[in-house]
Amino acid sequence: MATKEMGLAEWGMMGGLSLLWGGSFLFNGILVQTWPPLTIVTARVILAAAALWLFVRFSGIAVPRRRDVWLAFFGMGLLNNALPFTLIVWGQTHIASGLAAILNATTPLFGVIVAHFLTTDEKLTVNRLAGVVIGIAGVVWMIGPSVFGHVGGALWGELAALAAAVSYAFAGIFGRRFRRMGLAPILPAAGQVTASAILLLPVTLVVERPWTLPAGGAETWAALLALALLSTAVAYILFFRILATAGATNLMLVTILIPPSAILLSAVVLGEQLALRHLVGLVLIGIGLAAIDGRLWRRLLTPRTTS
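Note that the structure is a prediction, hence the values are computed from the model and not measured.

**Q** Even after reading the chapter, I still don't get the overall build of the chain, so can you show me in this structure?
**A** Along the backbone of the chain there are 14 helices and 0 strands. The order of α-helices and β-strands along the chain, N terminus first, is α-α-α-α-α-α-α-α-α-α-α-α-α-α. Classification of the 307 residues of the chain by burial places 50% in the buried group. By sequence separation, contacts in the chain at least 24 residues apart represent 90% of the contacts at least 6 residues apart. Accessible surface for the chain amounts to roughly 14300 Å². Of this, 71% is attributable to carbon and sulfur atoms.

**Q** Teacher, can you tell me more about helix H4 (residues 97-104) here?
**A** Since one α-helical turn is 3.6 residues long, residues separated by three or four positions face the same way. Burial runs high along H4: 6 of the 8 residues are buried. Among the residues making up H4, those that are buried are Leu 99, Ala 100, Ala 101, Ile 102, Leu 103 and Asn 104.

**Q** Is there a simple way to think about the nonpolar core in this case?
**A** For soluble globular proteins, nonpolar side chains are generally found buried alongside one another. Membership of the largest hydrophobic core comes to 69 residues, with the highest contact counts inside it found for Leu 17, Trp 21, Tyr 236, Phe 239 and Phe 240. Sorting elements by how many residues they give to this core places helix H10 (residues 218-246) first, with 13 residues. Ignoring sequence-local partners within four residues, the contact set of Phe 240 consists of Met 76, Phe 178, Pro 185, Pro 188, Ala 189 and Gln 192.

**Q** What's the story with the packing of aromatic side chains in this structure? I'm lost.
**A** The geometry of two aromatic rings is summed up by the distance between their centres and the angle between their planes. This structure, assessed with the given rule, holds 8 aromatic pairs. Both rings, one in Trp 21 and one in Tyr 236, keep their centres 5.5 Å apart while their planes meet at 70°; by these two values the pair is edge-to-face. Here Tyr 236 lies in helix H10 and Trp 21 lies in helix H1 (residues 8-31), a separation of 215 residues in the sequence. Taking the relative accessible area as the measure of exposure, Trp 21 reaches 10% and is therefore buried. For Tyr 236, a relative accessible area of 0% translates into the label buried. Three or more aromatic residues joined by ring pairs make a cluster, and in this case those are Trp 21, Phe 85, Tyr 236 and Phe 239. A cation over a ring is seen here: Arg 44 above Phe 85, with NZ or CZ 3.7 Å from the ring centre. The ring centre of Phe 174 lies 3.8 Å from the NZ or CZ of Arg 177, which sits over that ring.

**Q** Just checking my understanding: could you explain the pattern of salt bridges for this structure?
**A** Should their charged atoms come close, side chains of opposite charge can pair. Counted according to the given criterion, the structure contains 1 salt bridge. Ionic pairing is found between Asp 68 and Arg 66, a salt bridge with its closest N-O pair at 2.8 Å. The class of Arg 66 is partly exposed, set by a relative accessible area of 45%.

**Q** Hey, could you run me through the packing of helix H3 (residues 67-91) against helix H9 (residues 186-207) in this one?
**A** At a closest axis distance of 7 Å, the pairing of H3 and H9 adopts a crossing angle of 65°. Relative to H9, the element H3 is oriented roughly perpendicular. Note that H3 runs across H9; the crossing there is right-handed. Two secondary-structure elements touch here, H3 through Trp 70, Phe 73, Phe 74, Met 76, Gly 77, Leu 78, Asn 80, Asn 81, Ala 82 and Thr 86 and H9 through Leu 187, Pro 188, Gly 191, Gln 192, Val 193, Thr 194, Ala 195, Ser 196, Ile 198, Leu 199 and Leu 200. Among the residues making up the contact of H3 with H9, the classes are represented as 13 nonpolar, 8 polar and no charged.

**Q** Help me out: how do you make sense of unusual backbone geometry in this one?
**A** Only a minority of non-glycine residues have a phi that is not negative, and only a minority of peptide bonds are not trans. Its identity as a non-glycine residue notwithstanding, Arg 209 has a phi of 45°, on the positive side. For Arg 209, a relative accessible area of 44% puts it in the partly exposed group.

**Q** Can you walk me through the environment of Ile 88 in this structure?
**A** You can see Ile 88 is positioned in helix H3. Between the C-alpha atoms of Ile 88 and Ala 161, which are 73 residues apart in sequence, the distance is 5.2 Å.

What counts, and at which threshold
Residues numbered from 1 in each chain as written. Predicted model: local features only at pLDDT ≥ 70, side-chain atom pairs only at ≥ 80, totals over all residues. Heavy atoms only, no water. Helix = DSSP H or I, 4+ residues; strand = E, 2+ residues; numbered from the N terminus. Buried < 20%, exposed > 50% of the residue type's maximum accessible area, 1.4 Å probe, protein only. Contact = heavy atoms within 4.5 Å. Areas by Shrake-Rupley, 256 points an atom, 1.4 Å probe, with all protein chains shown as cover. Core = buried A, V, L, I, M, F, W, Y, C linked by side-chain atoms within 4.5 Å. Phe/Tyr/Trp six-rings, centres within 6.5 Å; stacked < 30°, edge-to-face > 60°. Lys NZ or Arg CZ within 6 Å of the ring centre and 35° of its normal. Salt bridge = Lys/Arg side-chain N within 4 Å of Asp/Glu carboxyl O. Axes fitted to C-alpha atoms, helices over the stretch in contact; angles between N-to-C directions. Parallel < 35°, antiparallel > 145°, perpendicular 65-115°, else oblique. Left-handed = near helix turned anticlockwise from the far one by under 90°. Nonpolar A, V, L, I, M, F, W, Y, C, P; charged D, E, K, R; others polar.

Below is the structure:
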C-alpha cells in the first residue's frame, strides 16, 4: 500500500497542529526563566492527562484495560513525550527557540528513513526525500543565518534538539499500532501523557525537588496552562486523528510547519513584522510539502487526455 495522500481535512488539521506546537516553543521559553526542564515537562503532562481523562469521562468513552494497550501507551509516552519534551526544554536553556524549532523540523527527514526500514507501506522515494530537504531549507531561510551565530558554543543543546527529532520520528512509526487497535483518538492521547507522567514524576521529585522552586507569577502559570491544555491535550487529539487517516510519514511534515507558525504567532500576538526572508521561506516550505505529497507533480506530469 502506498503512502496516503492528504485531503483538505488532513491539511487543515496539520495547520492547526502546527500552530499549537509552534506556540509550545514560546511557552517553553517563558517557563525556563522560572523552572528547570523536568519540572516543566512533568507539570505539562500531568495537567494534560487530567484534562484528557475528564474529556474521556464526559464523552462516555470506555477506558481500555488491556495490558497490550497500556504497554503501547507507555512506549508512546516515552518516545513521544517524556524523551523529546525533556530534550527540547533542556535544549532551550542552551539555544534559542528559533534554532530549536529548526532542529525539530528535521523530524520528517529522520522519519522517512525510519519508515523506510520499519514499515512496508511508507517506503522512501526520491520526491519525498527531495521535498523534506527543500522544506527544511525553507525553515532555515526563514529564520535567517543569524540564528547559527553561536552554534559551536551550544553543541549539547543542538544535539538534544536533534535527539528529540529522532525520538519523534520513531514515535510516529510506533504510533501506527493504535490505528490497528481501533481506539478513539482521545484514548492514545490520554494514555501516552498519563504514562509519561508516571515515568517522569519520580525522577523529577528526586532530581529537581519542585516544592523548593519559586512559585512563579501569573505569566508563568498562564504559559504552563497553555502548554498543557493547548499544545499538549488538544494537540495530541489532532495528532492521533491525523496519524489514523494520513499515516506516520505525512504526520511528521507538521514539524516543518512549526517554525513558520511560531513566527506568524509572534506577528499576530506581539505585532512583529514579517521580513522578506519569511515569505521566501514559506514559499520553499510550500514547495517541499507539495513534493512530499506528490499530487501536484503527478498532475503536472501526467498528460491530459481529450475526449
